[in-house]
There are 2 protein chains.
Amino acid sequence: MGALDEEHFNKEIENGVELDCLDLGFEDQPETVAIEDAVKVLLQGLGEDINREGLKKTPLRVAKALREGTKGYKQKAKDIVQSALFPEVGLDDAVGHAGGAGGLVIVRDLDLFSYCESCLLPFQVKCQIGYVPSGQRVVGLSKLSRVADVFAKRLQDPQRLADEICSALHLGIKPAGVAVILQCSHIHFPNIEPPFLDSNRQGWVKALVHSGSGVFENDFADVWDDFLSLLKFRGVNVDKTLMKDSKQQCWCPSQYSSSAEVTGQPSTGMVTAVTSILISLGENPLRKELAGTPTHFVKWLMNFQNANLETKLNGFACARMDPLKQNGEAGHDKRMYTELNLSFCSQCEHHLLPFYGVVHIGYYAEEITPVIKSRLQSIVRFYGFKLQVQERLTRQIAETASSLLGGDVVVVVEANHTCMISRGIEKFGSSTATIAVLGLFSTDPAARAKFLQNIPNPASGGSGF
Amino acid sequence: MGALDEEHFNKEIENGVELDCLDLGFEDQPETVAIEDAVKVLLQGLGEDINREGLKKTPLRVAKALREGTKGYKQKAKDIVQSALFPEVGLDDAVGHAGGAGGLVIVRDLDLFSYCESCLLPFQVKCQIGYVPSGQRVVGLSKLSRVADVFAKRLQDPQRLADEICSALHLGIKPAGVAVILQCSHIHFPNIEPPFLDSNRQGWVKALVHSGSGVFENDFADVWDDFLSLLKFRGVNVDKTLMKDSKQQCWCPSQYSSSAEVTGQPSTGMVTAVTSILISLGENPLRKELAGTPTHFVKWLMNFQNANLETKLNGFACARMDPLKQNGEAGHDKRMYTELNLSFCSQCEHHLLPFYGVVHIGYYAEEITPVIKSRLQSIVRFYGFKLQVQERLTRQIAETASSLLGGDVVVVVEANHTCMISRGIEKFGSSTATIAVLGLFSTDPAARAKFLQNIPNPASGGSGF
């Protein structure tokens, strides 16, 4: 590492930004500065003060993350593969099916993320790759992952991503055939019901796409059955019949308008700012698929507009439940109630990237009324729909719920942060939890423990990515 | 990226090595060259031809991977944290427990890898971090991951790793307290039965360690219960009582000698080579914990010595099962038999890193004999214990099994490759599968399908990491 790295490291300290892969030199480039300027326009459009502490470095963070996340434009997949082809004797003759080749080689469950070309939001990808070697030649296994990443780190659509990975590997390895299956998950847009919404995974738009070359060109070839069987051992259950349908329509929820939509026409200044970001990333904003992207991204952002807290808080205060005592102490006539898995979506103010998850609320009350749940869901949504950090979100929900329900409240927020996967950190499996406790819950560990034991384990239920 | 990166990219093509984080400049540094020279000594000590195709670039790959994997020596955790402290009002007063602080903040399931200081093999870590903010200050969530990584990327022992992460975060954030739990998995040494071998995960040595500061200093504090409860929601089941015991003894299996050990005294030249690697990484080989490391690493490597194939193959051929026809065609009197989950451990010849997993073998025979299973396990072990690539391993097992069992054989190898997680690629969840088919299995898709359906899904069983 030596001198170069020390300097880079000092830079990081100075700027408080990430020590990301390959971002040496990003900082002072005109493209980065242009994106920073555009992000400032967007923040101001949201009614934010761009000089407040949490936002001061946001434009630079966003610019670096976007450039890091689209660095695939500058990489050549074919060369990556050709630098790691290894001769393996015996792969053309004795052992084999599929035209004399040496049997399938599969890399399973590669976690990738990409950016949706239709709305500029990141989407997550589980990638399955197989190929049948030929010509006494295999490729280093990690190169399959590298190549997939080159194409993921561009503005993408699931089917094109699968096709590009497949054909780049085919050209590079010259095998008997390549198969690619992608399971993609895209965050939904509030108030829009897209046609591909997965009913089991609230709020996720799913696409399952595949691409095949050579012996995999025919979707009904036996070798596809071998591939799918080899995926199944690790719980990757891809049904061959499901692989047929999501090719036609665009999956991005931004493409579907909604009657419930209230935001109106997005500001020209913000749309122009996003267009300039596309140009800075090296894209052509006139490309057909990008025509609506600036508008879509601004529409998404406007969900997180800075709203007048006071007005809304008064609204919540008026809605106080009558049967609850205002400063009630927990007596023997009060019981613990819980509202679990209230879903939310928010936007990280440090990186302008979504974070999302569920909120669990516990409180003591004399009785429960059916309106409480919807009130609590409103509070959760209200505090989610702004530029946030999870710690503040948790505290704000607790304080507001407390004014509604009396003083004994506990709030747990469980979330996945896109910024933990999309900026060189790539901690795909990680999640965060925060807790705020008021009244009895802060003084009585047993009450806290009782509430915490009530929270279901999603590993056995199926929420989250 | 610009010119700098293009140049770097071209370099990659030339050398066929990885486009890793921060390795710009590694290549020509004297430390890298010294490690390359040491790796050549090790390869020759294994009886390998360092000029054969698969090994030509191995010394450079190993050198870069080791330097990348120990880059934490040059990073300062405190600075990383302090560059991302954000003011959050309300965290010292209204909401809170634990001395008026704002409630726990937890980041769960961070996947890390580190290098065992006792044997130089990588070990895998699931890292759970919690802290209780204080002083109206929170830290960017990704910094918890960054700091953990700084200490993971050094030669480590689980308990010290936990302590270093904990105290660095405490110093950097100045919170009410920090808690760290690490679940570490270390590959076992063949022929050695270490005391911490996990009976559920064949061949893994496990260590569960924790470290706490401030409000977490007392292991029996209520806040530990909160922390453990918040982990449980995501299926992280850490039993408080289990957190007590693994502190005393060294966990590394290299520390335990075995009566079954056959390798004898490792060569001085190889031991000296590993010592020089430690020096090149910036370590002091005289440090107490490193005293036995060169010997341990060489002992590990010697398991993968290049053996005389012909001798051993003759051994297998003599062991042919009598009831099986030599060139038997599958008739109505033959049935399909399977041997599933034969475990193996091998060493990737491209990166000199372990890969490990299970082999499934299917064959047609007239009857099954009890010795077949042990013979097949011997074949699997024999071909595993050398420098390998998975594709070749699969083919060699298939060919040898075929000479033993008749011509109708299918072999599936499922493996996890350390090189997929430990060189900037960090695809923690990924796994690979390869298949070789002979005779009937290559011509009859139905036979293949029948065999593949028999392979159990480890997701519901619990093998692998």
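These numbers come from a predicted model, not from an experiment.

Basis of the calculations
As a convention, each chain's residues are numbered from 1 in the sequence order in which they are written. For naming, the first written chain is A and the first written ligand is 1, with later ones following in the order written. Residues qualify for local features only when their pLDDT is at least 70, as the model is predicted, and side-chain atom pairs are given and counted only at 80 or more; totals for whole chains, interfaces and linings, by contrast, use all residues. Excluding hydrogens and water, the side-chain figures rest on all heavy atoms present in the structure. Each helix is a run of DSSP H or I of at least 4 residues and each strand a run of E of at least 2, with the numbering of both proceeding from the N terminus. Accessible area is worked out with a 1.4 Å probe on protein chains only. A residue is then buried under 20% of its type maximum, exposed over 50%, and partly exposed in between. The contact criterion used is simple: two residues touch if any of their non-hydrogen atoms lie within 4.5 Å. Reported accessibility uses the Shrake-Rupley method at a 1.4 Å probe radius. Residues are deemed covered only where the shown protein chains occlude them. The rule for a salt bridge is simple: a side-chain nitrogen of Lys or Arg has to be within 4 Å of a carboxyl oxygen of Asp or Glu. A pair of strands counts as paired when DSSP detects no fewer than two bridges linking them. All axes here are fitted lines through C-alpha atoms, helices being fitted over the stretch that makes contact, and every angle between N-to-C directions spans 0 to 180 degrees. Note that the term roughly parallel is reserved for angles under 35 degrees, roughly antiparallel for angles over 145, roughly perpendicular for angles of 65 to 115, and oblique for everything else. By convention the crossing between two helices is left-handed if the near helix lies anticlockwise of the far one by an angle smaller than a right angle, and right-handed if it lies clockwise. Three classes are used: nonpolar for Ala, Val, Leu, Ile, Met, Phe, Trp, Tyr, Cys and Pro, charged for Asp, Glu, Lys and Arg, and polar for all others, with Gly counted as polar. Within a predicted model, pLDDT stands for the predictor's per-residue confidence, ranging from 0 to 100. Working rule for helices: expected span equals 1.5 Å times residues minus one. Any two rings among Phe, Tyr and Trp, with Trp reduced to its six-membered ring, count as a pair given centres within 6.5 Å; such a pair is stacked if its planes are under 30 degrees apart, edge-to-face if over 60, and tilted if neither. We count a charge as sitting over a ring when the NZ of a lysine or the CZ of an arginine lies within 6 Å of the ring centre and within 35 degrees of the ring normal. Residue ranges assigned to the domains are those given by an automatic or database domain assignment. Summed over both partners, the accessible surface that disappears when two parts come together, traced with a 1.4 Å probe, is what is meant by buried area. Polar contact is defined as a pair of N or O atoms within 3.5 Å, subject to the rule that within protein one atom must be able to donate a hydrogen and the other to accept it, and that residues adjacent in sequence are counted only when both atoms are side-chain atoms.

Now for the overall build of chain A. When its secondary structure is counted, chain A shows 14 helices and twelve strands. Relative to its 465 residues, chain A shows a buried fraction of 62%. Counting only contacts in chain A whose residues sit at least 6 apart along the sequence, the fraction spanning at least 24 positions is 74%. Just so you have it, chain A exposes about 16,600 Å², and 50% of that area is on carbon and sulfur atoms.

Let us now look at the pattern of salt bridges. Proximity of charged atoms lets side chains of opposite charge pair with each other. All names here are of chain A. Under the defined criterion, the tally for this structure stands at 36 salt bridges over all chains. The salt bridge involving Glu289 is made with Lys288; its shortest N-O contact spans 3.9 Å. The class of Glu289 is partly exposed, set by a relative accessible area of 30%. On the basis of relative accessibility, which here comes to 69%, the residue Lys288 falls in the exposed class.

Residue and element names in this part refer to chain B. Of all eleven residues making up strand E7 (residues 204-214), eight are buried, and the element is well covered by its neighbours. Summarising the sheet, strand E6 (residues 177-187) and E7 pair through eleven bridges and their orientation is antiparallel. Within E7, the position partnered with Ala179 by the bridge is Gly212.

Of all twelve residues in strand E2 (residues 105-116) of chain B, twelve are buried; the element is thus mostly enclosed. In this sheet, E2 of chain B lies alongside strand E12 (residues 431-437) of chain A in antiparallel orientation, the contact comprising four bridges. Across the sheet, Ala433 of chain A pairs through a bridge with Ile106 of chain B, a residue of E2 of chain B. Here E2 of chain B runs beside strand E3 (residues 122-132) of chain B; their pairing, made up of nine bridges, is antiparallel. Opposite Leu110 of chain B, over in E3 of chain B, you have Cys127 of chain B as the bridge partner. Taking the residues between adjacent antiparallel strands as the criterion, E2 of chain B and E3 of chain B are bridged by five residues, where Leu120 of chain B takes a positive phi near 70 degrees. Alignment of E2 of chain B against strand E5 (residues 155-156) of chain B, held across two bridges, turns out to be parallel. Looking across to E5 of chain B, one finds that Cys116 of chain B is bridged to Gln156 of chain B.

Residues and elements named next belong to chain A. Within the secondary structure layout, Asn454 lies in helix H14 (residues 445-454). A sequence separation of 94 residues divides Asn454 from His360, and the C-alpha atoms of the two residues are 9.6 Å apart. Filtering out sequence-adjacent residues up to four positions away, Asn454 remains in contact with Thr338 and Leu340.

Residues and elements named next belong to chain B. Within the element layout of this structure, His296 appears in helix H9 (residues 293-302). Here His296 falls in the buried class, since its relative accessible area comes to 14%. When near neighbours in sequence (up to four residues on either side) are disregarded, His296 contacts Ser118, Cys119, Phe189, Ser254 and Gln255.

What follows concerns the packing of helix H8 (residues 268-280) of chain A against helix H9 (residues 293-302) of chain A. Residue and element names in this part refer to chain A. Between H8 and H9, the least distance of the axes is 8 Å, while the angle of their chain directions is 120 degrees. Classified by the interaxial angle, the pair formed by H8 and H9 is oblique. For the element pair H8 and H9, the recorded crossing hand is right-handed. The segment H8 lies against H9, with Met270, Val271, Val274, Thr275 and Leu278 engaging Thr293, Pro294, Thr295, Phe297, Val298 and Met302. A class-by-class count of the residues in the contact of H8 with H9 yields eight nonpolar, three polar and no charged.

This brings us to helix H7 (residues 222-232) of chain A. Residues spaced three or four apart along an α-helix face the same direction, because each turn holds 3.6 residues. Counting buried residues along H7 of chain A, eight of its eleven residues qualify, which places the element largely inside the surrounding structure. Buried within H7 of chain A we find Val223, Trp224, Asp226, Phe227, Leu228, Ser229, Leu230 and Leu231 of chain A.

Right, let's talk about the confidence of the model for chain A for a bit. Residues and elements named next belong to chain A. When pLDDT is averaged along chain A, the result is 80; 76% of the residues meet or exceed 70. Residue range residues 1-24 is modelled with pLDDT below 50. Its contacts to residues more than four positions away, or to other chains, number 73 contacts. The low-confidence segment residues 317-330 (pLDDT under 50) makes 31 contacts with residues lying over four places distant or belonging to another chain. Note on the complex model: pTM 0.86, ipTM 0.84.

A word on helix H11 (residues 370-384) of chain A. Taking 1.5 Å per residue as the helical rise, H11 of chain A with its 15 residues ought to reach 21 Å, and the 22 Å between its terminal C-alpha atoms agrees with that figure. Residues Ile372, Leu376, Ile379, Val380, Phe382, Tyr383 and Gly384 of chain A constitute the buried set of H11 of chain A.

Our next topic: the packing of H14 of chain A against helix H7 (residues 222-232) of chain B. Following both chains from N to C, one finds H14 of chain A and H7 of chain B inclined at 5 degrees, their axes separated by 10 Å at the closest point. Accordingly, the angle class assigned to the pair H14 of chain A and H7 of chain B is roughly parallel. Across the interface between the two elements, Pro445, Arg448 and Leu452 of chain A of H14 of chain A pack against Asp222, Asp226, Ser229 and Leu230 of chain B of H7 of chain B. Tallied by class, the residues present in the contact of H14 of chain A with H7 of chain B amount to three nonpolar, one polar and three charged.

Residues and elements named next belong to chain B. Within the secondary structure, Phe451 sits in helix H14 (residues 445-454). A sequence separation of 39 residues divides Phe451 from Val412, and the C-alpha atoms of the two residues are 9.9 Å apart. Phe451 has contacts with Met336, Thr338, Leu340, His360, Ile361, Gly362, Val410, Val412 and Phe441, leaving out every residue within four places of it along the chain.

Residues and elements named next belong to chain A. For the coordinates displayed, the defined rule picks out 24 aromatic pairs over all chains. Of the aromatic side chains, those joined through ring pairs into one cluster are Phe216, Trp224 and Phe227. Positioned above the aromatic ring of Phe382, the side-chain terminus of Lys386 is 4.4 Å from the ring centre.

This part is about unusual backbone geometry. One non-glycine residue, Gln136 of chain A, lies in positive phi territory at about 55 degrees. Structurally, Gln136 of chain A is set in the loop between strand E3 (122-132) and strand E4 (137-139). According to the relative accessible area criterion, Gln136 of chain A is partly exposed, its value standing at 30%. If you check the backbone angles, Leu120 of chain B has positive phi at about 70 degrees while not being a glycine. Tracing the backbone through its elements, the reader meets Leu120 of chain B in the loop between E2 and E3.

We now examine the domain arrangement of chain A. Residue and element names in this part refer to chain A. Partitioning chain A into structural domains gives domain 1 (21-69 + 262-302), domain 2 (71-255) and domain 3 (309-460). Taken together, both faces of the contact between domain 1 and domain 2 bury some 1,700 Å²; the carbon and sulfur share is 61%. At the junction of domain 1 with domain 2, the criterion picks out three salt bridges. Across the salt bridge formed by Lys71 and Glu68, the nearest N and O atoms sit 3.3 Å from each other. Applying the counting criterion to the domain 1 and domain 2 interface returns seven residue pairs in polar contact (both at pLDDT 80 or more). Counting residues per element, the ones that place at least two in the side of domain 1 that touches domain 2 are helix H3 (58-69), H8 and H9. Of the residues assigned to the side of domain 1 that touches domain 2, the class counts are ten nonpolar, four polar and five charged.

Moving on, we get to the environment of His350 of chain A. Examined against the element boundaries, His350 of chain A turns out to sit in the loop between strand E8 (335-348) and strand E9 (353-365). Given a relative accessible area of 7%, His350 of chain A falls into the buried group. Taking C-alpha positions, His350 of chain A is 21 Å from Leu278 of chain A, a pair spaced 72 residues apart along the chain. Those residues in contact with His350 of chain A that sit more than four places away from it in its chain are Gly54, Thr58, Arg61 and Val389 of chain A together with Phe86 of chain B.

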